[in-house]
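A closer look at the structure
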Amino acid sequence: MTPIALADYDVVYRRPDALTDVQTHYCPGCTHGLIHRLIGEVIDELGIRENTICVAPVGCAVFAYNYFNVDGCEAPHGRAPAMATGIKRVIPDRVVFTYQGDGDLAAIGTNEIIHAAGRGEDLTVIFVNNANYGMTGGQMAPTTLAGQVTTSSPYGRDVDLVGMPMRVAELISTIPGASYVVRRSVHNVANINKTKAAIKTAFQVQMAGLGLSMVEVLSSCPTNWHMSADGALKWIEDAMIPVYPLGDYRVADAVEPLTKRRRPDRSQNGSLATIPEE
Amino acid sequence: MAKELWKGNEAIAEAALRAGVEAYFGYPITPQTELLEYMAREIPKYPGRVFLQAESELAAVNMVYGAACAGVRVLSSSSSPGISLMTEGLSYIAGTEVPAVLVDIMRGGPGLGNIMPSQGDYFQMTKALGHGDFHPIVLAPSTVQEAVDLTYGAFELAETYRTVVVILADGAIGQMMEPVVMPPARPVMTEQERADWALRGAKDRERRILTSLHLSAEGLERMNQGLQNKLARIQQKELRWQETMTDDADLLLVAFGTAGRVCTSVVSAARRAGLKVGLLRPISLWPFPEQRLVELAERVQQILVVEMNAGQMVLDVKAAVAGRAPVHFYGRMGGVVPLPDEISAQIDKLVSEPAGGTGFKTGSNNGYGQPKAMPAANGVRA
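All of the points below concern the structure found in this document. (Residues numbered from 1 in each chain as written. Chains lettered and ligands numbered in written order. Predicted model: local features only at pLDDT ≥ 70, side-chain atom pairs only at ≥ 80, totals over all residues. Heavy atoms only, no water.)

1. Comments concerning the sheet that holds strand β14 (residues 302-307) of chain B
All names here are of chain B. Spatially, 5 strands are ordered β10-β12-β11-β14-β15 in an open sheet, and the strand pairing comes out mixed. Looking at strand neighbours, the two that pair on one side only are β10 (241-244) and β15 (327-331), the edges of this open sheet. Direction aside, the axes of adjacent strands within the sheet are offset by 20° on average. One ladder, built from 5 bridges, connects β14 with β15; its direction is parallel. Following the sheet pairing, I303 is matched in β15 by V327. (Pairing = 2+ DSSP bridges. Helix = DSSP H or I, 4+ residues; strand = E, 2+ residues; numbered from the N terminus. Axes fitted to C-alpha atoms, helices over the stretch in contact; angles between N-to-C directions.)

2. So, the pattern of salt bridges
If you walk through the whole model with that rule in mind, you get 38 salt bridges over all chains. In this structure, E41 of chain A and K196 of chain A form a salt bridge, with 2.8 Å as the shortest nitrogen-oxygen distance. Of this pair, E41 of chain A sits in helix α1 (residues 32-46) while K196 of chain A sits in helix α8 (residues 189-207); the two residues are 155 residues apart in sequence, bridging distant segments of the chain. Residue K196 of chain A is classed as buried on the basis of its relative accessible area, which comes to 3%. A salt bridge links R281 of chain B to E146 of chain B; the shortest N-O distance between them is 2.9 Å. Linking R281 of chain B in strand β12 (residues 277-282) with E146 of chain B in helix α6 (residues 144-161), this pair joins segments that are 135 residues apart in sequence. By relative accessible area, R281 of chain B is classed as buried at 3%. Given a relative accessible area of 13%, E146 of chain B falls into the buried group. Among the ionic contacts, a cluster of salt bridges with common partners joins R37, E41, E45, K196 and K200 of chain A. (Salt bridge = Lys/Arg side-chain N within 4 Å of Asp/Glu carboxyl O. Buried < 20%, exposed > 50% of the residue type's maximum accessible area, 1.4 Å probe, protein only.)

3. Comments concerning the packing of aromatic side chains
Taken as a whole and judged by the stated rule, the model has 10 aromatic pairs over all chains. Ring geometry for F68 of chain A against Y99 of chain A: centres 6.3 Å apart, planes inclined by 55°, an arrangement best described as tilted. Highlighted residues: F68 of chain A in the loop between α2 (64-67) and β2 (71-74) and Y99 of chain A in strand β3 (residues 95-101), separated in sequence by 31 residues. Using a relative accessible area of 0% as the deciding quantity, one classes Y99 of chain A as buried. An aromatic cluster is defined as three or more aromatic residues linked by ring pairs; in this entry it consists of F68, F97, Y99 and F203 of chain A. For R37 of chain A, the ring lying beneath its charged end belongs to Y13 of chain A, and the centroid distance is 3.9 Å. Between the NZ or CZ atom of R186 of chain B and the centre of the ring of Y152 of chain B, over which it lies, the distance is 4.1 Å. (Phe/Tyr/Trp six-rings, centres within 6.5 Å; stacked < 30°, edge-to-face > 60°. Lys NZ or Arg CZ within 6 Å of the ring centre and 35° of its normal.)

4. Here's the deal with the environment of F127 of chain A
Residue and element names in this part refer to chain A. Assignment of secondary structure puts F127 in strand β4 (residues 124-129). A sequence separation of 115 residues divides F127 from V12, and the C-alpha atoms of the two residues are 29 Å apart. For F127, the residues in contact, after removing those within four places along its chain, are Q100, G101, D102, L105, A106, T143, V168, M214, V215, E216 and V217. (Contact = heavy atoms within 4.5 Å.)

In structure tokens form, the structure reads like this:
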């Protein structure tokens, strides 16, 4: 059989340069890997791989620095926005992003994210909300839903005892220094595409020096939710989105032009591209 | 260079600027606040350098961590309660092996304590500046000039060993004004001079990773062994101390920082009274000048450790002396600075009674022979 020359094929899907060629440690069905890929595609499309520094959190994504093909470091639990501030302030022409879970950002790291936003740090924060502490085996997080069973709320989250789930995007959106704050989800293809577009805007906001940008991404945790992979995606849609509505919570006037210039274009690796509108 | 009158906290800040510090992150706390205020005022005059007031010491130390990972000279300062908050980040900095300089202007504790000078952070600084097996280099000045000189050299020391260097002073050193000769200003590091591990963006090279995470037991043990080897090199090469009239001393005072400064006066007074008293003033508290203490302990009849705490360095002294001479302790707490007369009175008591027979804390005489008798205070040697 005559081998077909590679040139005869169009490359429609490949690993982004901004991701390393390794297997991730994430559980089957977890959407962390998918979100990593979206970030990798965005870094490639923006041509910023050699200029980007990743700050990994403590939590499931603690090894994020192994997966992004950029300079990387690992912050103490919750402190990624402070560590990223230290980096960005001394090398302001680089692109610095944090990748944080809900235990990391919404519990132990609330001080750091609020004040990084308050100062209007030119950072991009990818906030992955899967309604529990995944790495430590599924404990209750501030984002855990009312009644949700976790290993530390075995009878379901009792809101009389521990309060209602915390809505982080809404909270951060009240801070003027945070100029782009949105919530997205990766439970289906349409929403994955919207998430990628938001991540791209978030990086562009930083590159334009417009202040802190944060994309909260509703993400699945089939292992700790004790669900199948597709069951977990359905749970995002049915249970999480009603509590955490998707949408744009703050788009500063200066950011507005960055969000309006996007429409789907399948010509490049099946990914979304930014095209100036006529 | 002419001498100028400088306040301790501001002098330390100026020395750091002259050493080419590129970034300062801090949080207000008495009695170090003038250091932060000086940086807030002066750093904007140097284009490209960074001053940022953090929302907490937790955030400040993590900003330091980030800036250190980017390979710049970075400083923070605080006082005792603030240092407690920073220990999380300092452990990460030690584990990641990036250089940083920290100033602790100690105040009275525990808890909120007070804002008076104290040496209550000796244990925390030398033994437990965070979880895990590490020690920072701890340097304790006893004058403003010495604080300036130690700060000026601290950055290179931190970079040489990729470690945390602490300037450990107290409210007295931070607040007092003294004549100082400032060192010359150095330019900041050029891009070419940046360390080959610094995170600056993976342009035309492999990406770099800085982390303190090593999941396998063997991997973490290897990392720790490397760290311990480095600490052993520091223990060999970075010992600093000062001696005053130790050559013929019968009674050796051991004191650091402000207490060491007070003891310098005590030595003069004792010598005027005809008592052969000398002083060993450790400047590097970690590494501790153990070997020198052993040598001196062989020669002196007794040792009196003076500290502004309940007795912290005295444990290191006892460990080093290992019974070669009786070790006594005199301390004041809560921000009280011991006066020369008080210490002289302790010396008088010691020399007039057999060692070990005084009413205050004494070292045991662990079978190294009977303590040598000291002449009575009024029985001065001919």
